[in-house]
Amino acid sequence: RGALNTDRGGRLWVPTDEGMSCIVGEKWRHFGVNDGLPTDWTRYVFEDREGSLWVASIGVHRLIGRGFWTSWRRAQGLPGDTIWDIHRDRRGRLWVATDKGLCRATTQGWRVLSGTEKASTRRIHEDARGRLWISLMPAAILLYDPAENRIVRYSKASGVIGTQIISLEEDG
């Protein structure tokens, strides 16, 4: 399942199994492989502070200047090709939820967060304290506190019930 997101201009982006769609005014515009998107299967789209579009898909794809795609997959250092979510935290670090762990982009390449290597990470949410909440498949939640470099796991034994977690949100 894809996640909806809006860009800085307020346009809603909708990831689908056939590319991604965006509402412009009152009309929908669809983008797929025929429009230059590297793959049709998309799960998340977000616009960064420089105006580039990032797409979670089979790999991570970045549209620079609305015309040139840069892509990263396993061959470029990601632990797996299936990307479910992308998040830029308040410190500016880029995080990627993969089927083989939570990754962070570094100047040396992609680094898997220790303790998540074998986890299928699905969604990333940063709370008001700067901690990352990560949903897993099968259903579990990780809480990563970068200030303490500590991970806490919540699973069935902690009261997390279900086969999958669809979304993470914060009340308040």
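Residues numbered from 1 in each chain as written. Predicted model: local features only at pLDDT ≥ 70, side-chain atom pairs only at ≥ 80, totals over all residues. Heavy atoms only, no water.

Draft legend 1. Structural context of the packing of aromatic side chains. For the structure on display, the rule yields eight aromatic pairs. With 5.7 Å between their ring centres and 10° between their planes, W54 and W72 make a pair best called stacked. Remark: W72 occurs in strand β8 (residues 68-72) and W54 occurs in strand β6 (residues 53-57); sequence separation between them is 18 residues. With a relative accessible area of 4%, W54 lands in the buried category. Ring geometry for W133 and Y154: centres 6.2 Å apart, planes at 20°, overall stacked. Placement of the pair is W133 in strand β14 (residues 132-137) and Y154 in strand β16 (residues 150-154), with a sequence separation of 21 residues. These aromatic residues form a ring-pair network of at least three members: Y44, F46, W54, W72 and W110. Lying across the ring of W95, R104 places its NZ or CZ 5.9 Å from the centre. (Phe/Tyr/Trp six-rings, centres within 6.5 Å; stacked < 30°, edge-to-face > 60°. Helix = DSSP H or I, 4+ residues; strand = E, 2+ residues; numbered from the N terminus. Buried < 20%, exposed > 50% of the residue type's maximum accessible area, 1.4 Å probe, protein only. Lys NZ or Arg CZ within 6 Å of the ring centre and 35° of its normal.)

Draft legend 2. Focus on the sheet that holds strand β5 (residues 42-47). Taken in spatial order, the four strands line up as β5-β6-β7-β8 in an open sheet, and their pairing is antiparallel. Only two strands of the sheet have a single partner each, and these edge strands are β5 and β8. The sheet shows a mean angle of 20° between the axes of neighbouring strands, taken without regard to direction. Inspection of the sheet shows β6 paired to strand β7 (residues 59-64) by five bridges, in the antiparallel sense. Bridge pairing in β7 places S57 opposite G59. (Pairing = 2+ DSSP bridges. Axes fitted to C-alpha atoms, helices over the stretch in contact; angles between N-to-C directions.)

Draft legend 3. Representation of unusual backbone geometry. The linkage connecting M137 with the following residue, P138, adopts the cis geometry, with an omega of 0°. Backbone geometry at N149 places phi at a positive 50°, although glycine is not the residue there. Take N149: it is sitting in the loop between β15 (140-145) and β16. Judged by relative accessible area, N149 falls into the exposed class, the value being 56%.

Draft legend 4. Spatial organisation of the pairing of strand β11 (residues 101-106). Note: strand β10 (residues 94-98) against β11, four bridges, orientation antiparallel. Paired with V96 across the two strands is C103, which belongs to β11. Counted along the chain from β10 to the antiparallel partner β11, the turn is two residues long. As paired strands, β11 and strand β12 (residues 109-112) are joined by four bridges and run antiparallel to one another. Within the sheet, the bridge partner assigned to C103 lies in β12 and is V112. The antiparallel pairing of β11 with β12 creates a hairpin that spans two residues between the two strands.

Draft legend 5. Focus on the pattern of salt bridges. Under the definition given, this model contains twelve salt bridges. R43 is paired through a salt bridge with D17; the nearest N and O atoms lie 2.5 Å apart. With R43 in strand β5 and D17 in the loop between β2 (12-16) and β3 (19-24), this pair connects stretches of sequence that are 26 residues apart. Of the charged contacts in the structure, one is a salt bridge between D48 and R62, with a shortest N-O distance of 3.6 Å. Separated by 14 residues along the polypeptide, D48 in the loop between β5 and β6 and R62 in strand β7 bring together distant segments of the chain. Several salt bridges share partner residues, and in doing so they unite D48, R49, E50, R62 and R88 into one network. (Salt bridge = Lys/Arg side-chain N within 4 Å of Asp/Glu carboxyl O.)

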